[in-house]
Amino acid sequence: MSTVIQTDEAIVPRLEAAAERVKRAHKAAALVIFGQDVVIERTLITILSGGHALLIGVPGLAKTLLVETLGRVLGMDAKRIQFTPDLMPSDIIGSEVLEDGSTGNQRRSFRFIKGPIFTQLLMADEINRASPKTQSALLQAMQEHHVTVAGNRHDVPQPFHVLATQNPLEQEGTYPLPEAQLDRFLLEIDVTYPDLAAERRMLYATTGTDDRNVETVLTAGDLMAIQRLVRQIPVPDKVVEAILKLVRSARPGTGANPETDRFIAWGPGPRASQALMLAVRAKALIDGRLAPSIDDVIELAEPVLKHRMALSFAARAEGQELGPLIARLARAVE
């Protein structure tokens, strides 16, 4: 027992130092991205947890700028892929080309040319515009952190995170992501319009002559060290029980919640519990706390569960929405 206490005490200074640096990173990003503090925070939660995020929002809300800015602030190499219906898997992961030897004694050989997926922070813009075949090209890299081409394994750089975007308004000519791929995203983050004060600041800042310099707060190595630290944050038993109660109550057919049995067609699997466990730890670190609370579970319930659940026909007929339903389930764990 004494060993555990010593380990907890030893980690406190590291947690405090990491929290200070993450706070600086948040502030640096907020100097460029106006009126999206919640989006920045939840994106940082995703990255600190070692996961991927799905950004839902109409065009023009600085989703691309968010990825570029966080790439600079966190010291990661960032790239962007614009998904289109004619995009092929090889356009993402790369392909092998046949090369002739430079001299007559050398034989021809294949050389792998890496695609844009070989980066540390990848923006998959409008991911639902590409065909399912191309969408699935991301699946292996997101989960296994490597791709396989012609039987050869190619590891992606570390750390590796995908921030994918979707436009919720325009659905014509799109291919909805299958449930198996949606489950790979740690959080679904809604990007909403900025408030009046933020939009006023944005107008002055972006239509003038001043350049907005982005401070680099972390390196990729620093980020990976903080990610390992997040996994060492202790979680109280009551928070673990709240996570289990919430996720299990969101599954229909279990009898845990009558409203769920009536309105939910399918619910979240164990990966939702894992995602929530990591997310509340990262949230605690961002807030400068040494352990997560039940309030963190309630706050992060919707972004963790929303893309892992589907409404039944009866729910849609009655005008039910997932957000309020998840909120009611979350309040029940208090």
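What counts, and at which threshold
- Residues numbered from 1 in each chain as written.
- Predicted model: local features only at pLDDT ≥ 70, side-chain atom pairs only at ≥ 80, totals over all residues.
- Heavy atoms only, no water.
- Helix = DSSP H or I, 4+ residues; strand = E, 2+ residues; numbered from the N terminus.
- Rg over C-alpha atoms; globule rule 2.2 N^0.38 Å.
- Buried < 20%, exposed > 50% of the residue type's maximum accessible area, 1.4 Å probe, protein only.
- Areas by Shrake-Rupley, 256 points an atom, 1.4 Å probe, with all protein chains shown as cover.
- Lys, Arg positive; Asp, Glu negative; His and termini not counted.
- Charge placed at Lys NZ, Arg CZ, Asp CG, Glu CD.
- Phe/Tyr/Trp six-rings, centres within 6.5 Å; stacked < 30°, edge-to-face > 60°.
- Contact = heavy atoms within 4.5 Å.
- Salt bridge = Lys/Arg side-chain N within 4 Å of Asp/Glu carboxyl O.
- Expected span 1.5 Å × (residues − 1).
- Arc of directions from axis to C-beta.
- pLDDT = per-residue confidence, 0-100.
- Axes fitted to C-alpha atoms, helices over the stretch in contact; angles between N-to-C directions.
- Parallel < 35°, antiparallel > 145°, perpendicular 65-115°, else oblique.
- Left-handed = near helix turned anticlockwise from the far one by under 90°.
- Nonpolar A, V, L, I, M, F, W, Y, C, P; charged D, E, K, R; others polar.
- Core = buried A, V, L, I, M, F, W, Y, C linked by side-chain atoms within 4.5 Å.

Student: What should I look at first to understand the overall build of the protein in this one?
Tutor: Looking only at helices and strands, one finds 15 helices and 11 strands in the protein. Against the globule reference of 20 Å for 334 residues, the protein gives a C-alpha radius of gyration of 22 Å, in line with a compact fold. In terms of principal-axis extent, the alpha carbons of the protein reach across some 75 × 55 × 50 Å. Per-residue burial over the protein gives 48% buried out of 334 residues. As displayed, the protein has an accessible area near 16600 Å², and 51% of this comes from carbon and sulfur atoms. Side-chain charges of the protein comprise 37 positive and 41 negative groups, with the mean position of each set lying 3 Å from the other.

Student: Even after reading the chapter, I still don't get the packing of aromatic side chains, so can you show me in this structure?
Tutor: For any pair of aromatic rings, geometry is given as the distance between the ring centres together with the angle between the planes. For the structure shown, the criterion picks out one aromatic pair. Geometrically, the ring pair formed by Phe112 and Phe118 is edge-to-face, given 5.9 Å between the ring centres and 70 degrees between the ring planes. The pair Phe112 / Phe118 is uniform in exposure class, with both members buried.

Student: Please explain the environment of Ala315 as it appears in this structure.
Tutor: Of note, Ala315 is situated in helix H14 (residues 313–317). In this structure Ala315 comes out as buried when scored by relative accessible area, which is 0%. When the C-alpha atoms of Ala315 and Gly50 are compared, they prove to be 34 Å apart, with 265 residues separating the residues in sequence. Leave out the neighbours within four places in its chain, and Ala315 touches Phe263 and Gln320.

Student: Help me understand the pattern of salt bridges, please; the structure alone is not making it clear to me.
Tutor: Considering all chains together, one arrives at 16 salt bridges under this definition. For Asp155, the salt bridge goes to Arg153, with nearest N and O atoms at 2.7 Å. You can call Asp155 partly exposed: its relative accessible area is 46%. The class of Arg153 is exposed, set by a relative accessible area of 55%. In this structure, the salt-bridge partner of Arg289 is Asp287, at a minimum N-O distance of 3.0 Å.

Student: I keep staring at helix H10 (residues 237–249) and nothing clicks. Help me out?
Tutor: What sets the pattern is the α-helix's 3.6 residues per turn: residues three or four places apart point alike. The end-to-end C-alpha distance of H10, which contains 13 residues, comes to 18 Å, matching closely the 18 Å that a straight helix rising 1.5 Å per residue would cover. What H10 keeps buried is the set Val239, Ala242, Ile243, Leu246, Val247 and Ser249. Take H10 and look down its axis: the buried residues cluster within an arc of 165 degrees, on one side only. The outward face of H10, more than 90 degrees from its buried face, is lined by the exposed residues Asp237 and Arg248.

Student: Teacher, can you tell me more about the confidence of the model for the protein here?
Tutor: Low pLDDT means the predicted atomic positions in that stretch should not be read closely. Across the protein, pLDDT averages 88, with 95% of residues at or above 70. Model confidence for the protein, summarised as mean pLDDT per element, is weakest for helix H1 (residues 2–30) at 78 and strongest for helix H12 (residues 270–286) at 96. Across residues 1–7, confidence stays below pLDDT 50; counting only partners more than four residues off in sequence or on other chains, it has zero contacts.

Student: Looking at this model, I keep getting lost on the packing of helix H2 (residues 37–48) against H12. Mind explaining?
Tutor: Any two packed helices are characterised by the angle at which their axes cross and by the distance between the axes. Where H2 contacts H12, the axes come no closer than 9 Å and their chain directions differ by 120 degrees. Judged by the angle between their axes, H2 and H12 are oblique. Where H2 crosses over H12, the handedness of that crossing is right-handed. Packed against H2, whose contacting residues are Glu41, Leu44, Ile45 and Leu48, the element H12 presents Ala279, Ala282, Lys283, Leu285 and Ile286 at the interface. Along the lines of polarity and charge, the residues of the contact of H2 with H12 split into seven nonpolar, no polar and two charged.

Student: Sorry, what's going on with the nonpolar core here?
Tutor: Proteins that are soluble and globular tend to have nonpolar side chains buried together. In terms of nonpolar packing, the biggest core is built from 74 residues, with Leu48, Leu74, Ile226, Leu246, Leu276, Leu285 and Leu305 touching the most fellow members. For this core, the element with the highest residue contribution is H1, accounting for nine residues. If we skip the residues at most four places from it in the chain, Leu48 touches Val22, Leu223, Ile226, Gln227, Val230, Ala282, Leu285 and Ile286. Within the second largest apolar cluster, 27 residues are counted, among which are Leu87, Val156, Ala164 and Leu182.

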